[in-house]
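# Remarks on the overall topology
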Amino acid sequence: MWHIMKLYSYYGYNDFIICAGYKQYIIKEWFANFYLYNSDITFNLEKMNEIVVHNNISEPWRVTVVDTGLTTQTGGRIKRVQKYIGNEVFFLTYGDGVSNVNINELFRFHKMQGGVATMTVVQPDGRFGIADIENEKILSFREKNKEDMGWINGGFMVLEPTIFDYIEDDEIVFEKYPLEKLAEERVLNGYKHYGFWQCMDTKRDKEKLEMMWGDGSAPWKVW
């Protein structure tokens with residue numbers, strides 16, 4: 001989540017609303033103690049637990065963490081933070097994927113296209129190889145490339161406040177009725193991102209991203 005927020009902050013967006021649920025208290029505690037986690041601290045136990053913070057690291061962020069419920073669906077979570085967004089255009093993304101998408105270009109694309117919502121779409125690398133078959137015979141094996149894949153929802157959306165009219169209650173799955181209805185009405189734009197994008201759904205994904213971050217080759221680190 002910190003990586004995603006750093007991306008938005010790089011482009012000048014520093015006001016965040018986090019739709020929390022499972023273990024939301026951990027997220028709240030982490031932000032409450034952000035400077036402790038990210039700074040060098042001296043605890044002087046001889047002087048009544050005096051605390052000295054060295055190289056205090058902070059971010060220009062305003063973060064609202066909202067407990068949107070343990071079992072609330074994705075659309076319902078968005079609906080629950082409406083009062084914090086008001087009548088503004090806002091960004092929305094998931095918390096399990098990183099990318100080097102240009103947020104400013106995404107926003108300009110949305111304003112140029114009009115409509116209610118813009119979704120960043122990506123072509124992920126294939127996880128499994130492909131067998132080329134002709135007349136029931138396997139001719140060759142090859143690695144799956146992006147051209148073999150269709151466009152999928154990569155998150156990183158721009159939404160008009162009218163999006164809340166498409167979400168009735170906690171039971172609404174955002175990827176179902178709201179997005180499908182927007183597509184039917186031809187008011188859902190697709191912003192094609194050809195750069196880096198990677199979700200973190202599996203242990204394999206986690207290890208891959210951590211390795212890239214560790215060796216300094218993380219494409220999503222634009223800040």
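Above: the structure in question.
In this text the structure is predicted, and so the values were computed from the model without any measurement.

### What about helix H1 (residues 2-10)?
Residues of H1 that are buried include every one of Ile4, Met5, Lys6, Leu7, Tyr8 and Ser9, and no others. Taken from the residues just after H1, glycine 12 is the one with a positive phi, measuring 95°.

### Some thoughts on the environment of arginine 62
Following the sequence through the fold, arginine 62 ends up in strand S4 (residues 62-67). Taking the C-alpha atoms as reference, arginine 62 lies 9.8 Å from tyrosine 13; in sequence the two are 49 residues apart. Contact partners of arginine 62, with chain neighbours within four places excluded, come to Asn14, Asp15 and Phe16. Of note is the side chain of arginine 62, whose polar atom sits 3.4 Å from the side chain of aspartate 15.

### Overview of the packing of aromatic side chains
Scanning all chains against the criterion turns up 18 aromatic pairs. Taking the centre distance of 6.2 Å and the plane angle of 40° together, the rings of tryptophan 213 and tryptophan 223 count as tilted. Here tryptophan 223 lies in the segment after helix H8 (203-214) and tryptophan 213 lies in helix H8, a separation of 10 residues in the sequence. For tryptophan 213, a relative accessible area of 34% translates into the label partly exposed. In textbook terms, an aromatic cluster arises when at least three aromatic residues are bridged by ring pairs, as seen for Phe16, Trp30, Phe31, Phe34, Tyr37 and Trp61.

Here is what the cut-offs are and how they apply
Residues numbered from 1 in each chain as written. Predicted model: local features only at pLDDT ≥ 70, side-chain atom pairs only at ≥ 80, totals over all residues. Heavy atoms only, no water. Buried < 20%, exposed > 50% of the residue type's maximum accessible area, 1.4 Å probe, protein only. Helix = DSSP H or I, 4+ residues; strand = E, 2+ residues; numbered from the N terminus. Contact = heavy atoms within 4.5 Å. Polar contact = N/O pair within 3.5 Å; in protein donor to acceptor, adjacent residues only side chain to side chain. Phe/Tyr/Trp six-rings, centres within 6.5 Å; stacked < 30°, edge-to-face > 60°.

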